[in-house]
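These are the residues of each chain, in order.
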Amino acid sequence: MGFQKEFFINNRNRLSSIIEPNSMVLFFSAETFPRTGDQTFKYRQNSDTFYFSGLTQPETCFFIQTDNSKHIVYEHAFIIEPTDYIIIWTGSKYSKSDVSEISGIERVSFLNEFDSVLEERIKCSENIYFSFKNNVRGIKYSYSKVNQYIEKIKSLYPEKIILDADPQFMELRLCKTDEELNKIKKAIEITGNCFNEIRKFLKPGIYEYEIEALIYKEFISNGANDVAYLPIVASGKNNCILHYIDNRNICNKGDLLLLDFGAEYDYYAADLTRTIPVSGKLSQRQADIYASVLKVQRMMIPMMKPGITINELNSKCEELIQEELLNLGLLSVNDIKNQTQNAPAFKKYFMHGLSHFLGLDVHDVGNKDVVLKPGMVLTCEPAIYIREEEFGIRLENDILITDDEPVDLCKNIPIEIADIEK
C-alpha cells in the first residue's frame, strides 16, 4: 500500500520541465472544515498536493524552485509542530524525517518558519505559480490561504509574475503511470467484490441505507481508504435523480436499484454504476430499456481511442441514444423534427454526458476537448431515465485508453442481464 518517494520526486521533476524557467511553485494542503463544536469533517488531502508530495496531513505546505535550465534547485516542506497537546488530542503527526521519507523533500521545517523562508526564497524566482483551481466541476469556492498569499506577493513583490499552475498539473495527471493504474485497478476490484456482496444481500424490504452500510463495510474491510464519493443507492423512482444520496427509502418488489459507487484506494478512485432488479428479475419493459443502454455502452467503448475527445464521444453517444429512444417508442419522428438545438428531444431521457476522466478525483482533471492519449482513464456511462414510468437505468464502466484497443477495467464485474439476474 502506498507509493515510494521516487514517485513524487519524479512528478516534481516532470513538473519543473514544463513550467517557465526560474520559477517557484507553491502547494498548500486542503482546508479543514468544522463539523461540530470540537470536530472537523473527515480530512482528505488536496489531490495536487498529494500527487507532488505524498503528504496527507492537514496544515502542510511546500514549494519548489527551478533555475533557468528548469532544474529543481530548491524545495522545502513545512508541517505543524507535533506538540504533546496536538498528539494527545488528534494523534501522531509527521516528524521532519517522516516528511523526507514520504516525499523525498530534504528540507523540512515547522509552519511558523514558512513566511520567513518564503520571503527570503521568493527573491530568487521570477515566476510564482499557484493552483487557481478549487475543483474540477467549477463549484464556487474561495481558498482563503491561497488568496491570502497571492495578494501578499502582489503587494510586496509587484515585479513577480503570478501564474496558474493548473494547466501543467492537468497535463501531468491525465496520463497515468503503471503505479497509478495499479491503484485504480485495486479500487475497481474492491468495488466489484462489493457489488457481488450487494447482489447476495439485496431483496424486497431492504432499505437503501442498509446497502449503503454494506458498501462502507466492504470497502473499509478490504483495504480502501474511503469511498471515492458519496454512494448513490437509488431504488424505484429515485433511479431518475442523478445525484441522489439520501439513501433512505425501502427497496420494493419490482423496483430497480441503481448503484453508483466506487472505492478510493491510496487516493485513486473507482467509479461504477449498475442497475439491478430488487426481486432478481427484470420486467420485460425494464429488460428492453436495459438492453438498449447496454447496447450503447458496448458500441461506445471501442470508440474510446487516442485522437478523439469526450465532446466527440458525447455527440456520437447522443446519436445512439436517440436511435434507441425511437426504437423504444419513447421518441417519435415528429419529436426529432420539432426539436431545437438548445433543447434536443433525447435530453428528456438522457441528461448528462457519456464520460469524464478518472484518477485522483472521481471527476478528475481534464477538459472535454482534451484529445485522448494512452494512459488516460475515463468512464463510459450511457443511461435512459423515464420519469413518467418511475425508473431509470445507468451502466458505467471505467476504460483505459491504450495505443491499441481500449481496455475495460470493469469487464469482470457482472453487467449482462443473465448475470445480474443470477
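Everything numeric in this text was worked out from a predicted model, so none of it was measured.

J.: What is the right way to look at the side chain of Gln-65 in this model?
T.: As for its position among the elements, Gln-65 is in strand β4 (residues 61-66). Residue class for Gln-65 comes out buried when judged on its relative accessible area of 1%. Within the structure, Gln-65 has its side chain in polar contact with the side chain of Arg-121 (distance 2.7 Å). A distance of 2.8 Å separates polar atoms of two side chains, one belonging to Gln-65 and the other to Ser-125. For Gln-65, the residues in contact, after removing those within four places along its chain, are Ser-23, Met-24, His-71, Ile-72, Val-73, Tyr-74, Arg-121, Ile-122, Cys-124 and Ser-125.

J.: Is there a simple way to explain the confidence of the model for the chain in this structure?
T.: Caution applies to low-pLDDT regions: their predicted coordinates should not be interpreted in detail. In the predicted model, the chain carries a mean pLDDT of 96, and 98% of its residues have values of at least 70. When the elements of the chain are averaged for pLDDT, helix α6 (residues 144-156) gives the smallest value, 91, and strand β18 (residues 397-400) the largest, 99.

J.: Hey, could you run me through the side chain of Asn-238 in this one?
T.: Position of Asn-238 relative to the elements: it lies in the loop between β10 (232-235) and β11 (256-261). Judged by its relative accessible area of 6%, Asn-238 falls in the buried class. A polar contact of 3.0 Å, which involves the side chain of Asn-238, links it to the side chain of Glu-208. Discounting residues that sit within four places of it in the chain, Asn-238 has contacts with Glu-208, Tyr-244 and Asn-249.

J.: Would you explain helix α5 (residues 114-121) in this entry?
T.: Residues three or four positions apart in an α-helix share a direction because the helix packs 3.6 residues into each turn. Along α5, the residues classified as buried are Phe-114, Val-117 and Leu-118. Buried residues of α5, seen end-on, are gathered within an arc of 100° and therefore sit on one face of the element.

J.: What should I look at first to understand the sheet that holds strand β9 (residues 226-227) in this one?
T.: In a beta sheet, neighbouring strands are held together by backbone hydrogen bonds and run either parallel or antiparallel to one another. Taking strand neighbours across the sheet as the criterion, the 3 strands line up as β9-β12-β13 in an open arrangement whose pairing is antiparallel. Among the strands making up the open sheet, the edge pair consists of β9 and β13 (268-269). Where strand β12 (residues 263-265) meets β13, 2 bridges bridge the pair, whose relative direction is antiparallel. When the bridges of β13 are listed, Tyr-265 appears paired with Tyr-268. In the packing of helix α8 (residues 178-201) onto the sheet, the strands contacted are β12 and β13, and the crossing angle to β12 comes to about 145°.

Conventions and cut-offs
Residues numbered from 1 in each chain as written. Predicted model: local features only at pLDDT ≥ 70, side-chain atom pairs only at ≥ 80, totals over all residues. Heavy atoms only, no water. Helix = DSSP H or I, 4+ residues; strand = E, 2+ residues; numbered from the N terminus. Buried < 20%, exposed > 50% of the residue type's maximum accessible area, 1.4 Å probe, protein only. Polar contact = N/O pair within 3.5 Å; in protein donor to acceptor, adjacent residues only side chain to side chain. Contact = heavy atoms within 4.5 Å. pLDDT = per-residue confidence, 0-100. Arc of directions from axis to C-beta. Pairing = 2+ DSSP bridges. Axes fitted to C-alpha atoms, helices over the stretch in contact; angles between N-to-C directions.

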